[in-house]
Structure formats: structure tokens, C-alpha cells
Amino acid sequence: MAKGNINVSVENIFPLIKKFLYSDHEIFLRELISNATDATLKLKHLCQIGESKVDYGNPIIEVKIDKEGKKIHIIDQGLGMTSEEVEKYINQIAFSGAEEFLDKYKDADAGVIGHFGLGFYSAFMVAEKVELITKSHTGADAVIWTCDGSPEFTLEAHDKKDRGTEIILHIAEDSLEFLEEGKIAGLLSKYNKFMPIPIKFGTKTETLPLPEGADKDAKPETIEVDNIINNPNPAWTKQPSELKDEDYKAFYRELYPAQFEEPLFNIHLNVDYPFNLTGILYFPKMTNDINMQKDRIQLYQNQVFVTDNVEGIVPEFLTMLRGVIDSPDIPLNVSRSYLQADGNVKKIASYITRKVADKMTSLFKENREDFESKWNDIKIVIEYGMLSEPKFFEKSNKFALYPTIDGKYFTYDELLEKIKDTQTNKDGKTVILYTSNKDEQHSYIEATKAKGYEVLVLDSPIISHLIQKLETEKENISFARVDGDHIDNLIKKDENQISKLTDEEKETVKVAIEKVVPKEGYTVQIEAMDSDAAPFMITQPEFMRRMKEMQQSGGNGMFGNFPDMYNLIVNANHPLVSEILAEKDEAKKEGLIKQSLDLARLAQGLLKGEALTNFIKRSYELIK
Ligand code: ADP
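Residues numbered from 1 in each chain as written. Predicted model: local features only at pLDDT ≥ 70, side-chain atom pairs only at ≥ 80, totals over all residues. Heavy atoms only, no water.

1. A closer look at the sheet that holds strand S17 (residues 430-435)
What counts, and what does not: Strand pairing is defined by DSSP finding a minimum of two bridges between the two strands. Every helix listed is a DSSP run of H or I at least four residues long, and every strand listed is a run of E at least two residues long, numbered separately from the N terminus. Every axis corresponds to a line fitted to the C-alpha atoms, with the helix fit spanning only the stretch in contact, and the corresponding angles, defined between N-to-C directions, vary from 0 to 180 degrees. By definition in these notes, contact holds between two residues if any of their heavy atoms fall within 4.5 Å.
Strands sit in the order S18-S17-S19 across an open sheet of 3 strands; the sheet is parallel. Each edge of the sheet is formed by a strand with only one pairing partner; in this case those strands are strand S18 (455-457) and strand S19 (477-481). Here the strands of the sheet are splayed against their neighbours by 40 degrees on average, with no regard to which way each runs. In the packing of helix H16 (residues 542-552) onto the sheet, contacts are made with S17 and S19, and the angle to S19 comes to roughly 85 degrees.

Shown next, in the form of C-alpha cells:
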């Protein structure tokens, strides 16, 4: 038997390993299974190039819990190690790797450490003693290496007959939770669900089908079979041409078993130059809550789960998507800020952005109707992308849609073509009208419809930001929400309405109305409008409202604390206004104004609480 000292400068490295990786003890299993996988894949390669003469067969990796013995076994049928290799790879290389790691990351935050593979020595995060029994594919005699966490190890001959490596972890008292079957099953499904070598964890019973012509009362036979916990060939490792729509959907269910809704689209990523990246992204049905939906994309490195926080790797707007990204080229052992500055990562982000834009373009072209029907569920991602990624903004011109209240969907160019003649004002600006809520702004929409104008429905939470951007990027257009002003003011044409009232009469009405309506809330404006347009109308100026909205949805607006200011537009040409002017009885005049104001507030959804109760009371009085 050989004894020796592992060559390290740190007296006892294991307490350090434990301390620094406290929050992430569970990664030991991922690390050991990764090693077992590497050992198996290396053997496969050697067999393929004729450097190993063994029969590769159908190797698996087995994870076993021995609860009574307080042990976990991880067994592979990979290439194994000779005694010299154990000396070199385990005693020297692995150890110096662990030491270097600690040196480098002592001061790093736990988030970074969690994404770093510590390798073989992470076993000591949960074990007080580790045995490694291994037999090389070369046929050399098997050996057993033992270490109890001190720099001392032993290396002896062993009678293991079959090739491969078995790691035995003697679980420490403070880590006994890892002897629970449920705990290990959970870890396997988190980290190893898609690893390339089948992983066996326990057995399960399977019922055999009855042979043909079997007796009616015959009992079907049951057998014990290996319980394989992973899918070694997940969809993203295949070529897009091998996969049908159902396969993509099935894989989505595999990734998110608790998800009932089907994804809307999928995008298969597949590059090998200038970096390696594969993956499948899915567009799920979106809600309007942007923050609820992040952290669903899973990042893998050669089929090993790394993290579901892809911040800095995937452009922000795409973190709302779901799916898998797998790349050996993403550096994982670095801080997030370093990651964001990494050249490869930048290329990856711009590749993914381009790929998503191209896919949207082709989906739109191939089946516009289908694309339109899904627009409402995907618009938030697209609009977010248009706002945050200049390249995506450019490309989106081909597929970003502008839905109207009549259920039509225009691209930007189509929309402009449609409204250019009718909705261009006297200064040559084309005014794009929109509503944020068909029901709440119904009376304003009716007024614009009467003019034959198109009204868009724009209701995402970030829409005011996007409108602002479109107004700066596109030429000679502006957006106006239908309740921003009286329609003739929203799109000012040259023709001037003749006023039925003289300037003097207008002033008289204005004074009368201002006496009744609260000054702090409303600016009264007397306008000559169509005689069948509403007599009283409350509007909220576009600019002010938009700034407030932008501030609410996360922008640095300076208007957040302003009170809501409204305009009260009074139609000088409406008979009711003439009536108010002519009314001699002051009490009756006030009654008319109050009732009209409340009706206008009702149309804007502003009549609430006590004001609403009073209005209802007064209305009953009137119809009595
Ligand atoms: P890494 O895997 O990053 O190289 P590790 O500390 O995990 O570092 O392992 C060190 C080395 O020990 C590996 O490179 C490999 O040569 C060897 N090794 C570890 N586990 C196994 C195993 N199950 N079978 C064969 N060799 C192994």
C-alpha cells in the first residue's frame, strides 16, 4: 500500500472548500456526474479512432444511495485510470485546480462561485471520506484511492474487474440530507436531465404486455428495469430537419412539465462559427407583466445544466422567452460584468437577436394570418426588443404590427400608406391615432370614426416609450391618443369651423362654466365644433399623460408628481351650450353645467365615489 501527501500549500484545503461553497454544496453531484460523462465520452472517442480495443457497448452511469452505510456511489463505465493516472490527475492536477480556484475566487460573490465547476474535489463538500476505485480500459490493474480530507491519501491495489470508475462518498454528518432519495432525484433532474450518457438511479417495475392469445385471467408479468432519469438526446442536439412541430412541442413539455399552455413559436438555434451554440427558444403566451416572466431560459454547457439566469448572455428583451441555450464557448467561471464584456458573449447576443428577427420575418411572410392571430401574445417581447436593440428595431419594420380597432393589422409602411391622405395635418405631419382601451375611450373613438380615421389599439405597458421612439426614428409623424383633444385639434386641417357664438358670447359661457367647475382640475376651452359632436368633452393632453406613463413604467420622467390636468372642451356650436348661455335662472344654469360636466367625466371614466352618487341622485330628480 502506498501512502503520500497531496502536494498543496494550503494546510487543509477541505474546510476552505466547504466554507466558500457553502450555499452550493449540491453541485458536487453535477461535478462527479460530469466527470463520469467525460470519462465515458473519452472512451467512445478512443474506440472510434481505434486507440482502445474494448467493447464500448451501451455504457451507463449509476448513482446509488446506501442509506445505512451513509454512502453515495457514482459508478461509470468510462475509460478509468491507471495507478499513474490517479497519481497525476487526482493527486496533482485536480488538487491544484481546486487550490487555484480558491485563490482566485476567495473574494468573489456566491453567485459567481455557483457557476464554477470545482471538479472532483467538490466531493469533499459533502463527504468526510472519499474512495475512488478505478480500472483503466488499458487493462492495467485496478486501484483504490482513499482520502479523508487531510492532505494524506492512500493508494492500493483493488480487485475491481470491470472497466470504469466508482466514486464512494462517505457522507459527513452535516450533509446527511443527501442520503434522501428525493433530494438526489431532485438534483439529478435539475442538473442532469439532458446529459448525454444514460443515468440510472434505482429501478422501477414495468408490466410486460400479455402474449397474444393469452388466457383471459392470466396475470401480466412484471419485471424490474433500470430507472433512467435523463434524456440523453434532447431535441436541441438534433438537426432542425429531423424535427417536426410535435417534437418541438413535446420538448417544451419536457422542459416545463408544469406548463399547460402550448408555446406559440419556436426558434431553433444552430451555429458552429464563429462560436458554438445550439438551442431552442420558445415564445410562450405573454401576459402584460414583464417582470413575472423572466428566468425561464436554461443555459447548458455540453448538455450540463449551468443556470437559469441568462442575464448578460441573452439580450434583455429575450429573457422573457423560454427554452434552452447550450454553448461550450460561454465562459462560466467569471463575474457577470466580465461576462457582459466578453467578445464571444456579445456575438452570441447579437446572433440570437438576429435569429429571432429573421424567424419573425419568415413567420410573418409564410403565414400572415397566423402571425396576426398571435400578435397580441408576442407583441410585448417584440416591442421591448424594438425599444432596446437598434438592430432589432430596424428589422422589425418587416413584421411589427399595428392593430386597428376594426381588427386589421398593418405593418408600419402599410399603415402610413393607408392614412397618409386623410390623416396628414396642415403642417404636413401624419397623425397616427390610437386608443389604449377600446371600452374606456369609446366615445372618443366614435368621434374619430365619424371622420373616417383609423384608430390603432396600443395597450402594452411600455407603449409610451415605443411611441416616443417611433416619433424620433420615423419622419414626419406623431402619435395622438384619441382622448388627447377634440378630434379636429388632434388632426388640424385648414378648414375652420364657423362658430355660432360671437367672441363675446363665448367669453360669457366660459365665465359661467368656470364658476361651476373646479379650477384646479380643468382648463375650460370653448371651441367651434360640429353641432352633433358632444357639447362637453374632457381631454388629457398627450404629452403630459405620456410622460407620466413613461415614468410609471420605468423611465426618468420628471412629471410623475404632477397632478392630473384635464381640458374641458365646450362645443360652441352645440344647442345645449346656446341653452346654457340663454338661461336666466342661475340655479338652473348651474344645474345644466353640473350635469353636462358629469356626463363628460362619465365618458372619460372619471366619475367616481361621491361625485358619482350625487350624479345619479341628480339624474333621478331630472327624470322624475
Ligand atoms: P476536470 O474534470 O475539470 O479536469 P476534475 O478535478 O474534475 O477536473 O478531474 C481531474 C481529472 O481526473 C480529470 O481531468 C480526469 O482526467 C480525471 N477523472 C476524474 N473523474 C474521473 C472518472 N470518473 N473517470 C476517469 N477519470 C476521471
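2. Re the site of the ligand
Our working rule: Residues are labelled near a given molecule or strand when at least one of their non-hydrogen atoms is within 4 Å of it. Nitrogen and oxygen atoms within 3.5 Å of one another constitute a polar contact, given that in protein one can donate a hydrogen and the other can accept it, and given that sequence-neighbouring residues count only through two side-chain atoms. Here the open area of atoms and residues is found with the Shrake-Rupley method and a 1.4 Å probe, where only the protein chains shown may cover a residue.
Within the structure, the ligand sits among 10 residues, and Asn35, Ala39, Asp76, Gly119 and Phe120 are positioned closest to it. In the model, a nitrogen atom of the ligand is placed 3.3 Å from a nitrogen or oxygen of the Thr165 side chain. Within the complex, 76% of the 530 Å² of free accessible area of the ligand lies under protein. Mapped onto the shell around the ligand, the elements with two or more residues apiece are helix H2 (27-48) and helix H3 (83-105). Top element by residues in the shell around the ligand is H3. It accounts for 3 residues.

3. With respect to the packing of aromatic side chains
To keep it simple, the criterion reads: Paired rings are identified among Phe, Tyr and Trp, the last through its six-membered ring, by centres lying within 6.5 Å, and are further divided according to the angle between planes into stacked (under 30 degrees), edge-to-face (over 60) and tilted (the rest). The buried label applies to any residue whose accessible area, calculated with a 1.4 Å probe on protein chains only, is under 20% of its type's maximum; exposed applies above 50%, and partly exposed to all values in between. The criterion is that NZ of a Lys, or CZ of an Arg, lies within 6 Å of the ring centre and within 35 degrees of the ring normal, and then a charge sits over that ring.
This structure, assessed with the given rule, holds 23 aromatic pairs. Ring centres of Phe194 and Tyr300 lie 5.9 Å apart, and the angle between their planes is 65 degrees; this geometry places the pair in the edge-to-face category. Taken as a pair, Phe194 in the loop between helix H5 (181-191) and strand S8 (199-207) and Tyr300 in strand S12 (residues 297-301) lie far apart in primary sequence, 106 residues in all. Ring geometry for Phe364 and Phe371: centres 5.6 Å apart, planes at 70 degrees, overall edge-to-face. Residue Phe364 is classed as buried on the basis of its relative accessible area, which comes to 10%. Of the residues examined, Phe371 reaches a relative accessible area of 1% and is grouped as buried. Clustering of aromatic rings is evident, with ring pairs tying together Tyr191, Phe194, Trp236, Phe251, Tyr300 and Phe305. Between the NZ or CZ atom of Arg322 and the centre of the ring of Tyr256, over which it lies, the distance is 5.7 Å. Geometry around Tyr412 places Lys474 over its ring, the cationic atom sitting 4.3 Å from the centre.

4. Topic: the layout of surface pockets
Rules: Both cavities and pockets are sets of points on a 1 Å grid over the protein atoms alone; in a cavity a 1.4 Å probe fits but cannot get out, in a pocket the set is open with protein on both sides within 12 Å along at least five of seven lines, and lining residues sit with an atom within 4 Å of a point. Grid points are joined across faces, edges and corners, and a volume is the space filled by probe spheres set on the points.
By volume, the second largest pocket amounts to about 470 Å³. Along its surface, the second largest pocket is lined by 28 residues, and Asp532, Ala533, Ala534, Pro535 and Phe536 are the ones closest to its centre. Only helix H12 (442-449), helix H14 (487-490), strand S21 (536-539), helix H18 (586-603) and helix H19 (609-623) provide two or more residues apiece to the lining of the second largest pocket. Take the lining of the second largest pocket: its biggest share by element is 7 residues, from H18.

5. Some thoughts on the side chain of Asp485
Within the secondary structure, Asp485 is located in the loop between S19 and H14. Within the structure, the side chain of Asp485 is placed 3.3 Å from the side chain of Asn489, a separation counted as a polar contact. Contact partners of Asp485, with chain neighbours within four places excluded, come to Leu490, Met537, Thr539 and Ile569.

6. Some points on the sheet that holds strand S14 (residues 322-326)
Strand order in the open sheet formed by 5 strands is S10-S11-S14-S12-S13, with mixed pairing between adjacent strands. Across the chains shown, the open sheet's two edge strands, defined by having one partner strand only, are strand S10 (265-271) and strand S13 (304-307). When strand polarity is set aside, the average angle formed by the axes of neighbouring strands in this sheet is 20 degrees. Where S10 lies against strand S11 (residues 277-283), 7 bridges are found, and the strand directions are antiparallel. Looking at the pairing, His268 lines up with Ile280 of S11. The strands touched by helix H6 (residues 245-255) within the sheet are S10, S11, S12 and S14, with S11 carrying the most contacts at an inclination of about 85 degrees.

7. A closer look at the packing of H18 against H19
This is how it is decided: Angle categories are assigned with fixed cut-offs, so that under 35 degrees is roughly parallel, over 145 is roughly antiparallel, 65 to 115 is roughly perpendicular, and the rest are oblique. Helix crossings fall into two classes, left-handed where the near helix is turned counterclockwise from the far one by less than a right angle and right-handed where it is turned clockwise. Three classes are used, and their members are as follows: Ala, Val, Leu, Ile, Met, Phe, Trp, Tyr, Cys and Pro are nonpolar, Asp, Glu, Lys and Arg are charged, and the others, Gly among them, are polar.
Packing of H18 against H19 brings their axes to within 11 Å, and their N-to-C directions diverge by 125 degrees. By the angle between their axes, H18 is oblique relative to H19. For the pair H18 and H19, the sense of crossing is left-handed. Listed contacts from H19 to Lys594, Gln595, Asp598, Leu599, Arg601 and Leu602 of H18 are Ala611, Leu612, Phe615, Arg618, Ser619 and Leu622. Here the contact of H18 with H19 is composed, by residue class, of 6 nonpolar, 2 polar and 4 charged.

8. Observations regarding the confidence of the model for the protein chain
Stated precisely, the cut-off is as follows: Per-residue confidence from the predictor is reported as pLDDT, which spans 0 to 100.
Averaged over all residues, the pLDDT of the protein chain is 87; the fraction at 70 or higher stands at 88%. With pLDDT under 50 throughout, residues 109-117 is counted as low confidence; its partners more than four residues away or in other chains account for 26 contacts.

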